[in-house]
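# Summary of the model geometry
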Amino acid sequence: MSITNEYLQGLMERVEKRNPGEKEFHQAVREVLESLEPVIERHPEYVKHGVIESLVEPERIIKFRVPWVDDNGVVQVNRGFRVQFNSAIGPYKGGLRFHPSVYEGIIKFLGFEQIFKNSLTGLPIGGGKGGSDFDPKGKSDLEVMRFCQSFMTELYKHIGSYTDIPAGDIGVGAREIGYLFGQYKRISNTFAGVLTGKGLEYGGSLARTEATGYGLCYFTEALLNDHGFTFKGNTVVISGSGNVAIYATQKAQQMGATVVALSDSNGYIYDPEGIDLAVVKQLKEVERKRIKEYVNFRPNAEYHEGCRGIWTIPCGLALPCATQNELDLDSAKALVANGVKAVCEGANMPSTPEAIEYLMANDVFFGPAKASNAGGVATSALEMSRNSIRNSWSFERVDSMLREIMQNIYKNISEAAAEYGLDGNLVAGANIAGFTKVANAMLNEGVV
Ligand code: NDP
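One structure accompanies this document, and this report is about it. (Residues numbered from 1 in each chain as written. Predicted model: local features only at pLDDT ≥ 70, side-chain atom pairs only at ≥ 80, totals over all residues. Heavy atoms only, no water.)

### Let's talk about the overall build of the protein
So the rule is basically this: Secondary structure follows DSSP: runs of H or I at least 4 residues long count as helices, runs of E at least 2 residues long count as strands, and numbering of each begins at the N terminus. Both definitions apply: the radius of gyration is a C-alpha atom measure, and the globule rule equals 2.2 Å times residues to the power 0.38. We call two residues contacting when some pair of their heavy atoms lies within 4.5 Å. Residue-level accessible areas treat just the shown protein chains as cover; the underlying method is Shrake-Rupley with a 1.4 Å probe. Only four residue types enter the tally: Lys and Arg on the positive side, Asp and Glu on the negative side; His and the chain ends are excluded. Each charge is placed at NZ for Lys, CZ for Arg, CG for Asp and CD for Glu.
Per the secondary structure count, the protein includes 16 helices and 12 strands. Expected size for 448 residues packed as a compact globule is a radius of gyration near 22 Å; at 21 Å, the protein falls within 12% of this value. Based on the C-alpha atoms only, the size of the protein along its principal axes is roughly 60 × 55 × 45 Å. Taking all contacts inside the protein whose residues are at least 6 apart in sequence as the whole, residues at least 24 apart take part in 72%. With the model as given, the accessible surface of the protein reaches about 17,900 Å², and the carbon-plus-sulfur share is 50%. With 45 positive and 53 negative side-chain charges, the protein shows a spacing of 6 Å between the two charge centroids.

### Re the pairing of strand E2 (residues 75-86)
Using the following cut-off: At least two DSSP bridges between two strands are required for those strands to pair.
Bridge count between strand E1 (residues 60-69) and E2: 10 bridges; the pairing is antiparallel. Along E2, the bridge assignment pairs arginine 60 with glutamine 84. Hairpin connection between E1 and E2: a loop of five residues separates the two successive antiparallel strands, and glycine 73 in this loop has a positive phi of roughly 80°. Pairing of E2 with strand E4 (residues 126-132), which is carried by six bridges, proceeds in the antiparallel orientation. Looking at the pairing, glycine 80 lines up with serine 132 of E4.

### Quick word on the packing of aromatic side chains
Filter applied, for reference: In summary, the pairing rule links any two rings of Phe, Tyr or Trp, Trp by its six-membered ring, whose centres are within 6.5 Å, and it sorts them by plane angle into stacked for under 30 degrees, edge-to-face for over 60 and tilted for everything else. Each residue is assigned to one of three classes by its accessible area relative to the maximum for its type, calculated with a 1.4 Å probe on protein chains only: buried under 20%, partly exposed between the two thresholds, exposed over 50%.
One pass over the full model with this rule turns up 19 aromatic pairs. Relative to phenylalanine 151, the ring of phenylalanine 64 lies with its centre 5.2 Å away and its plane at 50°, an arrangement referred to as tilted. With a gap of 87 residues between them, phenylalanine 64 in strand E1 and phenylalanine 151 in helix H6 (residues 141-155) connect regions that are remote in the sequence. Phenylalanine 151 carries the same exposure label as phenylalanine 64, and that label is buried. Taken together, Phe64, Trp68, Phe98, Phe134, Phe147 and Phe151 form an aromatic cluster joined through their ring pairs.

### Remarks on the environment of lysine 117
Secondary-structure assignment places lysine 117 in helix H5 (residues 104-120). Since its relative accessible area comes to 3%, lysine 117 is described here as buried. Separated by 10 residues in the primary sequence, lysine 117 and glycine 127 place their C-alpha atoms 8.2 Å from one another. For lysine 117, the residues in contact, after removing those within four places along its chain, are Asn348, Lys370, Asn373, Ala374 and Val377.

### A short note on the sheet that holds strand E8 (residues 267-270)
Applicable threshold: Interaxial angles span 0 to 180 degrees and are taken between N-to-C directions of axes, which are lines fitted to C-alpha atoms, for helices over the stretch in contact.
Taken in spatial order, the seven strands make up an open sheet running E9-E8-E7-E6-E10-E11-E12, and their pairing is mixed. On the outer flanks of this sheet lie strand E9 (302-305) and strand E12 (365-367), each paired with one strand and no other. Taken over all neighbouring pairs, the strand axes of this sheet differ in orientation by 15° on average, direction set aside. Pairing geometry for strand E6 (residues 235-238) and strand E10 (residues 317-319), over three bridges, is parallel. Residue pairing for E10: isoleucine 238 is matched across the bridge by leucine 319.

### Focus: helix H2 (residues 23-42)
In plain terms, the rule: Expected helix span is taken as 1.5 Å per residue step, with the number of steps being one fewer than the number of residues. To obtain the bend at a residue, axes are fitted to the seven residues ending there and to the seven starting there, and the angle between these axes is taken.
Given a rise of 1.5 Å per residue, 20 residues ought to cover 28 Å, and the 30 Å separating the end C-alpha atoms of H2 matches this to within 8%. For H2, the principal kink sits at leucine 36 and spans about 45°; a proline, proline 38, occurs within the next four residues. With 15 of 20 residues buried, H2 lies mostly within the body of the structure.

### Focus: the site of the ligand
Where we set the bar: The criterion for a residue being near a molecule or strand is simple. One of its heavy atoms has to lie within 4 Å of it. N or O atoms within 3.5 Å of each other form a polar contact, as long as, within protein, one can give a hydrogen and the other can take it, and as long as residues adjacent in sequence are counted only when both atoms are side-chain atoms. Only Asp, Glu, Lys and Arg are considered charged in this grouping, and only Ala, Val, Leu, Ile, Met, Phe, Trp, Tyr, Cys and Pro are considered nonpolar; every other residue, Gly among them, is considered polar.
Lys137, Asp169, Thr212, Ser265 and Arg290 are the nearest of the 25 residues found near the ligand. Between the ligand and aspartate 169, the relevant distance is 2.6 Å, taken from an oxygen atom to a side-chain nitrogen or oxygen of the residue. Between serine 241 and the ligand, the recorded distance is 2.9 Å, taken from a backbone N or O atom to an oxygen atom. For the ligand, the protein covers 85% of the area, taking 890 Å² as the surface of the free molecule. Of all the secondary-structure elements, those providing two or more residues to the shell around the ligand are helix H8 (208-226) and helix H9 (243-254). Of the residues assigned to the shell around the ligand, the class counts are six nonpolar, 13 polar and six charged.

### Digging into a nonpolar patch on the surface
Our working rule: Only residues whose relative accessible area exceeds 30% and that form no salt bridge enter a patch; like-charged residues are grouped when within 9 Å of one another, and nonpolar side chains (Val, Leu, Ile, Met, Phe, Trp, Tyr) when within 5 Å. Salt bridges, as used here, are contacts in which a Lys or Arg side-chain nitrogen is within 4 Å of a carboxyl oxygen on Asp or Glu.
A contiguous nonpolar patch, built from Val69, Val75 and Val77 and spanning about 250 Å² of accessible area, is present on the exposed surface. The topology assignment puts valine 75 in strand E2. Judged by its relative accessible area of 56%, valine 75 is exposed.

### Examining H9
Its 12 residues give H9 an end-to-end C-alpha distance of 17 Å, which sits within 8% of 16 Å, the value for a rise of 1.5 Å per residue. Of all 12 residues that make up H9, nine are buried, and the element is covered over most of its length. Close packing links the buried residues of H9 with H8, E6, strand E7 (258-263), helix H10 (277-286) and helix H15 (395-419). Two residues or fewer past H9, glycine 256 is found with a positive phi of approximately 95°.

### As for the nonpolar core
Across soluble globular proteins, nonpolar side chains show a tendency to be buried alongside one another. Where we set the bar: Joining through side-chain atoms within 4.5 Å is the link that ties buried Ala, Val, Leu, Ile, Met, Phe, Trp, Tyr and Cys residues into a set, and such a set is a nonpolar core.
In this structure, Phe219, Ile238 and Ile409 are the most contacted members of the largest nonpolar core, which totals 54 residues. Looking at this core, the element that brings in the most residues is H8, giving nine residues. Setting aside anything within four residues of it in sequence, one finds phenylalanine 219 in contact with Cys344, Gly367, Ala371, Ser372, Met406, Ile409, Tyr410, Ile413 and Leu426. Of all hydrophobic cores here, the second largest spans 41 residues; its members include Val29, Val51, Leu55 and Phe85.

### Things to note about the packing of helix H11 (residues 329-337) against helix H12 (residues 353-361)
Just so we agree on the cut-off: Each angle receives one of four descriptions, namely roughly parallel if under 35 degrees, roughly antiparallel if over 145, roughly perpendicular if within 65 to 115, and oblique otherwise. In this scheme, a crossing is called left-handed if the near helix is turned counterclockwise away from the far one by less than a right angle; it is called right-handed if the turn is clockwise.
Between H11 and H12, the shortest axis-to-axis distance is 8 Å and the interhelical angle comes to 20°. Here H11 is positioned roughly parallel relative to H12, judged by the angle of their axes. The hand of the H11/H12 crossing is right-handed. Only Glu354, Ala355, Tyr358 and Leu359 of H12 make contact with H11, whose side of the interface consists of Leu329, Ala332, Lys333 and Val336. Among the residues forming the contact of H11 with H12, the class breakdown is six nonpolar, no polar and two charged.

Printed below as a string of structure tokens:
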């Protein structure tokens, strides 16, 4: 697809010029603008009042130095970011990513996507994202703690439970959230629900750890059911082996599917008898080891170096849950040749535009990230509301609310696509439904 509307084309050109070199951000904006063509034809007021121009420009970008001392006494200096993208419908909300690939363009793409995703949850949360080029891999717990404390020493000035509420993302799990929260509490002298994904002992929500992976499966289930299919009996390939991948595997298995592959940034494992999740959890969550170790515990499993080969494994369902642009056109071709029925995104923007186009042109049901992985942030918003009134809900209650939210997201984006004559195009449906709520709030709030 390409942008044909002259106004949107001009806007896209300006975004590219103003944000040079930020290719992931350009990609995310382009995909949304492509979907908005029919919307602005029907609603010229969005153009007249500059809503889309404002939407592609973050409200605020905070960029800071993060100095810390490693275990050898050597000073290390990383970069920290927080992009407060849009607060039209609620305080900024979005995770923190710690990964060496992080730069401003990655955080902007993630923050931009987050605006629409958060809107789709139906909950009052705006879009933001943050992170650092710090790599927690191979660092000791004390190094991670010192880094997190330094990061929060700057970030705390800019966040708050009614302003901006960060959470985890790649490289930021329970350990990092704990250190960040401890430092926030110490220097602000406030015990506030200013981060989500917290430990259960200090204000976290049951089912938050599982929420993105489970939510992905609930969304996929709604999509499959709508077309007369279920998870049961399907072979599933899932990339990654972090938080999202692990709990997507758990839920897919509970729903009667056989998950046969997982990966990390070095390679992938193929276990034709079905992944033994207890082994994966021990390796990745407890020992923080590489996925290749899995074959030491499962003699019939294979390990392959390199990531993309995972998409050549025959499967009915593919759930990319690792990182952006991990599923390219060749991967999409291999999946289609092997008869894949549905691809639903657990990671943010894991499929390239060419891959999405190919999958959809070949009648593969496609669930875009901003809808299908919204379960994590939705459950974070539930954690925020429980923190405000100082109590908690049972696992079952949060899980059943999560399932309902994911079913509603599927329904709303399907209806939004149909309303514009784009039946079945969930990419357009998610962009349109997510956009409409935010754009109307922006119109009502005036030029701010
Ligand atoms: P984790 O850090 O827990 O796990 C990330 C996984 O992806 C690891 O297995 C990692 O391997 C792999 N990975 C990371 N970078 C690459 C790469 N360049 N190539 C191949 N594999 C890679 O992160 P999460 O599971 O939390 O996040 C995964 C995705 O889901 C991200 O896109 C994130 O933005 C998205 N997401 C996460 C949410 C959450 O609640 N956690 C919510 C919504 C979206 P390795 O260990 O080798 O780095």
